[in-house]
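Close look at the chain arrangement
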Amino acid sequence: MRIAEISSTPDRRRDSVVEATALSQIESTIKLLERHSPVQSLQESFSSDLRRTLTQLTQLAPFPNSVKLLVWKLSYRLWNACVDLSNASSAKISEEHAKLRQVAAELLFLTVDVAGIPSPAFKAALFFYKTGLIWYDLTILDSANNCFEKATELVSNIDNSAVSDDDERKLLLDLNLARSRAAWEVSDRNLAITLLNRSKNVLFGVSRNFSALANQYLAFGKTLLAGNESSAMNDALKLMNDALELCEKGLRVVKRTEETLILKELRLKTLRFIAAAHLQSDEFESVLKCVKVLRDVGSGGDNHPSLTVLAMKAWLGLGRYGEAEKELRGMVLNKGIPEAVWVSAVESFFQASGAAGAETVKGVFLGLLERCHVSAGAAIRVVNRVIGNGLSSGEGVKVRADVVSQLVSDERVVALFNREGAAKERTTMHALLWNCATEHFRLKGYVLSAELFENSMLYVPHGIENRIIRAKGYRVLCLCYLGLLQLDRAEEYINEADKLEPNIASAFLKFKIFLQKNDHDRAIAQMRAMPTCLDFTNDFISLAAHEAVACQAFPVAIASLSQLLTFYSSGKPMPTNEVVVHRTLITILTQVPDSDADVLKHMKQAYVRLSEVGPDLFFGKCEVGRREKNWFAGNAWNFGARTGQEKKYDMSAEFFKLASQFYGAIVDGETEVEDDAMVCKSIMLFASAIIADEMHNKTTLPENEVRQTIELLGRAGKILMSSRKNDDQTAAIEPNFFFVYTWSAFNLHSRLSDMNAQQLLLVKSFATSKSCNPKHLLQIGLEASQGPRSNPEVSNFALSTCLTALLSSPSPDYQTTALVLRKLISITTVYKAGGADDDSVLEMYKQAYRIMVGLKEGEYPIEEAKWLATTAWNRAAGPVKMGQIELAKKWMCIGLELAVKVPGMQNYKTCMEDYLAGFDKKFKEQENGNDRTLTVS
């Protein structure tokens with residue numbers, strides 16, 4: 001024994017053990033598979049175990065021939081087990097099944113050089129080919145193509161001339177065709193056609209091969225033709241011409257009659273598709289040539305039904321309607337043409353000729369109708385074809401619908417559906433016409449829709465069992481005539497429907513008719529009668545309101561929404577949130593003239609419901625609730641402002657009170673600074689409106705209303721006091737509103753005898769606020785000094801504070817300053833008496849003089865300065881009479897000093913100086929009673 005043989009023997013023994021183990025494992029798995037129930041799905045473990053063992057075997061190749069024979073045996077057992085499972089199960093072959101077939105094929109591929117088996121390569125290739133077909137059916141194209149390629153490799157080295165077995169010849173062609181189909185599926189058209197061309201080398205003069213290859217060329221051509229892409233038409237024609245050429249070649253080599261007939265039929269079929277391709281490319285002359293060849297072929301010619309259709313469409317494409325009509329009329333005489341073909345031809349002619357060919361189409365159609373009298377189902381199919389699946393606007397659609405209408409209203413057709421046993425077809429025809437009418441109705445073709453609906457009623461038998469269907473038909477006819485604004489006819493139909501089936505739909509349509517007629521009273525009465533219907537739902541009242549709004553029938557809309565609101569307290573589910581109904585109602589009322597009182601009434605109703613159910617249920621929660629609340633509050637505010645401008649102060653007060661209540665509602669448990677500010681402002685404007693109404697109507701508020709208003713103002717006052725400590729809230733309340741609050745509260749407190757001290761506190765509090773300005777204090781001071789409810793203490797404080805503020809300004813308003821001084825002097829003069837009081841008045845004159853010192857001429861109002869000078873001088877008369885000489889001199893001195901500052905008082909000043917110079921000499925010599933001072937006016 002050689003050394004090499006000695007060293008290799010142990011390894012070979014080990015390989016034999018591994019081979020035996022692997023083959024044993026494969027056999028065990030196959031046995032399990034052979035016992036597997038076809039009902040159960042294949043487990044993944046079968047293919048995974050076999051694949052793993054196959055991998056081990058592959059690493060041990062090459063094998064002794066005995067092992068190869070054993071592998072072949074196992075492969076065939078595995079394949080046959082798969083075939084048995086497939087035959088026993090009706091389910092589609094699964095991917096796991098394909099994996100098992102793949103393992104069987106690869107076992108053969110592993111030992112393809114086995115000796116003792118005839119044509120092993122072809123047998124292995126056949127396994128791969130059939131496995132590839134399974135992968136192809138599963139649309140796992142990569143695996144399919146891989147199998148086809150392996151099969152091709154196995155047979156590629158075999159000389160075609162040496163192949164004599166028919167099955168082997170068939171396999172060579174089938175492989176090429178399979179690979180070509182797989183390439184076509186992945187859009188590799190070049191490879192697919194190349195493989196077809198290669199297949200021409202393996203035809204072997206066999207008729208079946210010519211037919212198979214020609215069919216594949218034709219199949220690819222038909223696929224391109226079905227794609228309806230103009231760029232692919234040339235490729236489609238080339239493929240079909242190749243198919244035609246193969247048919248011609250096959251006819252030259254085949255000898256059997258049946259094979260010849262198959263190829264001839266395929267040639268005719270190919271020619272018809274070539275004609276169709278020319279038709280799709282608008283090559284109408286070529287179509288007619290193909291048709292001529294087909295009709296002239298053989299003794300009797302080709303009588304296929306499609307030839308007439310192709311010819312007719314080609315003539316239509318050339319615009320030669322006479323020839324097309326001849327082809328179409330020829331169909332009526334040719335009983336061999338299937339119904340679907342001539343109906344399609346009629347439709348094509350109708351679409352091409354349009355309204356111009358309507359009479360021709362009608363005549364042909366009625367001629368074809370005679371052939372449809374065999375059964376009602378045939379008439380249904382004809383009508384369905386003519387109606388089509390989709391509708392559009394245009395004259396053609398109207399003509400088509402007119403043809404259908406004439407057909408279905410024909411007495412012969414109606415009688416056909418009245419036969420015994422035609423109930424199902426009658427229902428189908430009714431549904432067909434109903435759907436067509438519905439589609440026209442959707443496109444607002446109300447005339448056609450009404451005609452078709454009326455015709456559909458011909459297919460509803462009279463009887464109690466069909467009264468609901470007839471009532472439904474009357475209702476849709478009512479809708480059609482509503483769309484045509486033929487309201488009287490619509491009313492007739494809905495009355496008929498109501499007789500057959502009184503329900504809420506009929507009641508609503510009556511309402512809609514009254515609405516269209518602008519008969520608001522009857523519309524409202526009909527709306528209020530709706531709840532009496534057995535099938536009434538609240539949705540119809542809501543819908544009535546929407547319809548009324550769309551028709552601008554505001555009284556009806558208002559009545560409908562008011563009616564709808566009455567259902568919310570019942571607790572039943574409602575179509576719309578209550579707050580939305582209130583909001584819509586108020587919005588509509590705003591568009592009605594002189595509706596402020598109604599708006600106020602419904603605003604109050606909304607607030608009552610808000611109080612009953614709570615803000616979260618009425619308004620809603622989160623942002624939606626806040627928006628609703630702000631809408632009501634904001635509109636109440638706006639109405640209050642507008643009615644106030646129109647001097648409807650009583651309404652304005654009510655609206656502002658509502659605004660404060662809406663703003664004060666707490667949504668989702670949260671309140672905002674802005675809401676408090678608006679509550680405060682609304683209350684203040686409410687109080688202002690009450691006071692303005694009292695002044696405007698010259699009435700007097702009852703004391704209880706005054707106290708209620710003061711109490712409400714107290715809430716605003718608390719917010720104001722809080723705002724003085726909170727800068728953010730202060731920004732939310734405009735300064736003017738602090739004054740409005742103070743003025744309103746001051747005015748109301750003046751009505752009560754026990755509130756004088758409170759008035760002074762209000763004004764002092766306002767004077768210390770940042771919002772206070774001299775003009776506000778002046779207004780309060782003037783208000784407090786006038787009328788029967790005057791308060792001199794408040795007036796004096798307000799005016800004094802106003803004067804201080806004016807003088808502290810960098811650019812004082814001396815016109816206002818003069819007015820304040822004059823008013824202060826008047827108040828002090830009227831409400832004070834005695835020497836001490838004269839001193840305070842004198843001090844005011846001196847203050848006025850100090851103000852004028854340093855001013856430019858005319859800067860202080862001249863008339864006011866003159867008034868100060870003259871009144872100061874004239875005030876000396878009283879003390880003179882009383883013998884108060886010093887006091888009189890003080891008044892005369894201040895009067896003279898003031899006169900010096902006043903332009904235009906030179907003459908007065910001279911007289912004053914002369915009188916004052918001699919006054920000291922005279923007053924001791926003259927008696928007190930006879931003395932007279934100079935008065936200035």
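Keep in mind it's a predicted model, so treat the numbers as computed, not measured.

**Topic: the overall build of the protein**
A tally of regular secondary structure across the protein gives 45 helices and zero strands. The buried share among the 937 residues of the protein stands at 47%. A separation threshold of at least 6 residues defines the contact pool for the protein, and within that pool the share at least 24 residues apart is 65%.

**Focus on helix α33 (residues 673-697)**
Compared with an ideal rise of 1.5 Å per residue, which puts 25 residues at 36 Å, α33 spans 36 Å between its outermost C-alpha atoms and is within 8% of the ideal. The element α33 is extensively covered by neighbouring structure, given that 19 of its 25 residues are classed as buried. Positive backbone phi, at 55°, marks K698, one or two positions downstream of α33.

**Topic: the packing of helix α27 (residues 554-565) against helix α28 (residues 578-590)**
Running from N to C, α27 and α28 point in directions that differ by 155°, and their axes come no closer than 10 Å. Compared by their axis directions, α27 and α28 come out roughly antiparallel. You can see that α27 and α28 cross each other, and the crossing is left-handed. Every residue of α28 that contacts α27 at F554, A557, I558, L561, S562, L564 and L565 is listed here: E578, V581, H582, T584, L585, I588 and L589. Tallied by class, the residues present in the contact of α27 with α28 amount to 10 nonpolar, three polar and one charged.

**Here's the deal with the packing of helix α32 (residues 649-663) against α33**
Running from amino to carboxyl end, α32 crosses α33 at an angle of 165°, the nearest separation of the two axes being 8 Å. With respect to their mutual orientation, α32 and α33 come out roughly antiparallel. Crossing handedness for the pair α32 and α33: left-handed. Residue-level contacts link Y649, D650, S652, A653, F656, K657, A659, S660 and Y663 of α32 to D675, M678, V679, S682, I683, L685, F686, A689, I690, A692, D693 and H696 of α33. Split into classes, the residues belonging to the contact of α32 with α33 amount to 13 nonpolar, four polar and four charged.

**Structural notes on the pattern of salt bridges**
The full count for this structure, using the stated rule, is 39 salt bridges. Across the salt bridge formed by R208 and D174, the nearest N and O atoms sit 3.7 Å from each other. Within this pair, whereas R208 is found in helix α9 (residues 207-226), its partner D174 is found in helix α7 (residues 166-185), the two being separated by 34 residues in sequence. R208 sits in the partly exposed class, given a relative accessible area of 34%. Across the salt bridge formed by R522 and D519, the nearest N and O atoms sit 3.8 Å from each other. Overall, R522 belongs to the partly exposed group, its relative accessible area being 40%. Look at D519 and you get partly exposed, because its relative accessible area is 24%. It is possible to trace a salt-bridge network through shared partners that takes in D488, E491, K517, D519 and R522.

**Some details on the packing of aromatic side chains**
Per the stated rule, a full pass over the model turns up 26 aromatic pairs. Here the aromatic rings of F618 and F619 are separated by 5.2 Å at their centres, their planes lie at 70°, and the arrangement is edge-to-face. As far as burial versus exposure is concerned, F618 and F619 are alike and both buried. Taken together, the aromatic side chains of Y607, F618, F619, W631, F632 and F662 make up a single cluster linked through ring pairs. Taking NZ or CZ as reference, R101 lies 4.5 Å from the ring centre of W79, over its face.

**Some remarks on unusual backbone geometry**
Here D282, not a glycine, exhibits a phi torsion of approximately 60°, which is positive. The backbone phi angle of K444 is positive, close to 65°, even though this residue is not glycine. Here K444 is to be found in the loop between α20 (423-442) and α21 (446-457).

**Let's talk about helix α6 (residues 141-156)**
Given a rise of 1.5 Å per residue, 16 residues ought to cover 22 Å, and the 22 Å separating the end C-alpha atoms of α6 matches this to within 8%. If you check which residues of α6 are buried, you get L141, A144, C147, F148, K150, A151, T152, L154 and V155.

**Side note on the environment of V476**
As for its placement among the helices and strands, V476 is situated in helix α22 (residues 467-483). Sequence separation of V476 and L509 is 33 residues, and the distance between their C-alpha atoms is 9.9 Å. The residues contacting V476, other than those within four sequence positions of it, are W434 and F453.

**Quick notes on the side chain of E694**
For E694, the position within the fold is in helix α33. With a relative accessible area of 7%, E694 lands in the buried category.

**Focus on the side chain of N503**
Tracing the backbone shows N503 in the loop between α23 (487-500) and α24 (504-516). Of the residues examined, N503 reaches a relative accessible area of 9% and is grouped as buried. Polar side-chain contacts of N503 include one of 3.4 Å to the backbone nitrogen of A505. Engagement of the side chain of N503 in a polar contact is seen with the backbone nitrogen of S506, the distance being 3.0 Å. Ignoring any residue separated from it by four or fewer positions in sequence, one finds N503 in contact with R475, D498, C533 and D535.

Thresholds, definitions, all that
Residues numbered from 1 in each chain as written. Predicted model: local features only at pLDDT ≥ 70, side-chain atom pairs only at ≥ 80, totals over all residues. Heavy atoms only, no water. Helix = DSSP H or I, 4+ residues; strand = E, 2+ residues; numbered from the N terminus. Buried < 20%, exposed > 50% of the residue type's maximum accessible area, 1.4 Å probe, protein only. Contact = heavy atoms within 4.5 Å. Expected span 1.5 Å × (residues − 1). Axes fitted to C-alpha atoms, helices over the stretch in contact; angles between N-to-C directions. Parallel < 35°, antiparallel > 145°, perpendicular 65-115°, else oblique. Left-handed = near helix turned anticlockwise from the far one by under 90°. Nonpolar A, V, L, I, M, F, W, Y, C, P; charged D, E, K, R; others polar. Salt bridge = Lys/Arg side-chain N within 4 Å of Asp/Glu carboxyl O. Phe/Tyr/Trp six-rings, centres within 6.5 Å; stacked < 30°, edge-to-face > 60°. Lys NZ or Arg CZ within 6 Å of the ring centre and 35° of its normal. Polar contact = N/O pair within 3.5 Å; in protein donor to acceptor, adjacent residues only side chain to side chain.

From the geometry alone we can't say anything about function, so treat these as descriptive.
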